[in-house]
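# Examination of the molecular architecture
Given next are the chains, with one letter for each unit.
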Amino acid sequence: MRDDLLPVLACTVCREPLARTGDGQAGCTNGHRFDEAKQGHLTLLPAKRRALTADTPEMVDARIRFLGRGHYALVERALAAVVASSDAPGVVLDVGSGPGTYLAQALRAADGRLGVALDLSPVAVRRAARVHERVDAVVADVTERLPVVDGAAAVVLDVFAPRNQREYARVLHPDGVLAVVTPRPGHLAELAEATISVDPEKDRRLHDSLTPSFVQRSSEDLTWTMELDAADVHDVVHMGPSHHHVAADTVFASTSVTAAVTVSTWAPTA
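Residues numbered from 1 in each chain as written. Predicted model: local features only at pLDDT ≥ 70, side-chain atom pairs only at ≥ 80, totals over all residues. Heavy atoms only, no water.

### Quick notes on the nonpolar core
In this structure, Tyr 72, Leu 79, Met 226 and Val 236 are the most contacted members of the largest nonpolar core, which totals 47 residues. A per-element tally of this core places helix H2 (residues 73-85) first, with five residues. Core analysis: the next-biggest nonpolar cluster, separate from the first, contains 37 residues, Leu 42, Leu 118, Val 138 and Val 149 among them. (Core = buried A, V, L, I, M, F, W, Y, C linked by side-chain atoms within 4.5 Å. Buried < 20%, exposed > 50% of the residue type's maximum accessible area, 1.4 Å probe, protein only. Helix = DSSP H or I, 4+ residues; strand = E, 2+ residues; numbered from the N terminus.)

In structure tokens, the structure reads:
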């Protein structure tokens, strides 16, 4: 972990900022201590939390392969533009970051900006901890209180992740921005039998999930066609929740697949 990023993180017991307390260890002024994993990340989970399913190694590997081939480059560029245009102080916080691909691309467009990746999956966090020299990664439950101090983030990224309205409002700087990526009806439509369908009420649910703490600032629909070979199709199916419903040995064929997402930005109302 970077010493200059530790004060952005909050103790899960008393909510005080963390600092370096020893070799491979961080802690707060109240004496609570957290050991750094050998891969360079921290685990900051609440003592009592719900039993949730984290991404598996197979899901993380599939996501790294698929994104690494540039199939979602339009999304990466849109998020990088949001980060590059921010003049608010603070870090870029990627909530539900997976292996940190979007965060790394965004930081490459924002010279000097630091980033923090939060995800429930230890496998994903281990990869995110190595994705960029200006990124630290934390195992965290992103549906609960985030282990981040108040107002620490200039930008919060939420890419296909659960939304946590109150926590996003708490950790964002008053001049900060929330960037959200959501699928639209028709996203991966050609793979409908193997993927989870998009709720046609998703726009309304997005608005409901972020108000009254946020007001929408912009919205951009991105649609493109991906020419996927069999390996690509396997990876896009298995990198998300559909992984749990499709047999690992399912044989896929090359095909053209539609991608349709919305990138929206939101400003805190208070």
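### A closer look at unusual backbone geometry
The residue after Thr 211, namely Pro 212, is reached through a cis peptide bond having omega 15°. Considering the arrangement of structural elements, one finds Pro 212 in the loop between helix H6 (202-210) and strand S10 (214-228). Although it is not a glycine, Phe 160 sits at a positive phi angle of roughly 55°. Mapped onto the fold, Phe 160 is located in the loop between strand S8 (153-159) and helix H5 (165-171).

### Concerning the pairing of strand S11 (residues 255-268)
The buried fraction of S11 amounts to eleven of the 14 residues, a majority that puts the element mostly inside the structure. When S10 meets S11, the two strands line up antiparallel, connected through 14 bridges. Residue pairing for S11: Ser 218 is matched across the bridge by Thr 265. (Pairing = 2+ DSSP bridges.)

### Details of the pattern of salt bridges
One pass over the full model with this rule turns up eleven salt bridges. Taking the shortest distance from any N to any O, the salt bridge between Arg 127 and Asp 61 comes out at 3.4 Å. With Arg 127 in helix H4 (residues 122-128) and Asp 61 in helix H1 (residues 57-68), this residue pair connects regions lying 66 residues apart in the sequence. Taking the relative accessible area as the measure of exposure, Arg 127 reaches 32% and is therefore partly exposed. For Asp 61, a relative accessible area of 32% gives the class partly exposed. Measuring nitrogen to oxygen at the nearest pair gives 2.8 Å for the salt bridge that ties Asp 235 to Arg 65. Residue Asp 235 is found in helix H7 (residues 230-238), and its partner Arg 65 is found in helix H1; the two are separated by 170 residues along the sequence. Residue class for Arg 65 comes out partly exposed when judged on its relative accessible area of 37%. Among the charged side chains, a network of salt bridges with common partners joins Arg 65, Arg 69, Asp 232 and Asp 235. (Salt bridge = Lys/Arg side-chain N within 4 Å of Asp/Glu carboxyl O.)

### Re the sheet that holds strand S2 (residues 25-27)
The sheet built from three strands is open, its strands ordered S1-S2-S3 with antiparallel pairing. Looking along the sheet, the strands with just one partner apiece sit at the ends: strand S1 (19-22) and strand S3 (33-35). Adjacent strand axes in the sheet meet at a mean angle of 40°, parallel and antiparallel pairs treated alike. Sheet topology places S2 next to S3; three bridges connect them, and they run antiparallel. Each bridged residue has a counterpart across the sheet, and for Gly 27 the counterpart in S3 is Arg 33. (Axes fitted to C-alpha atoms, helices over the stretch in contact; angles between N-to-C directions.)

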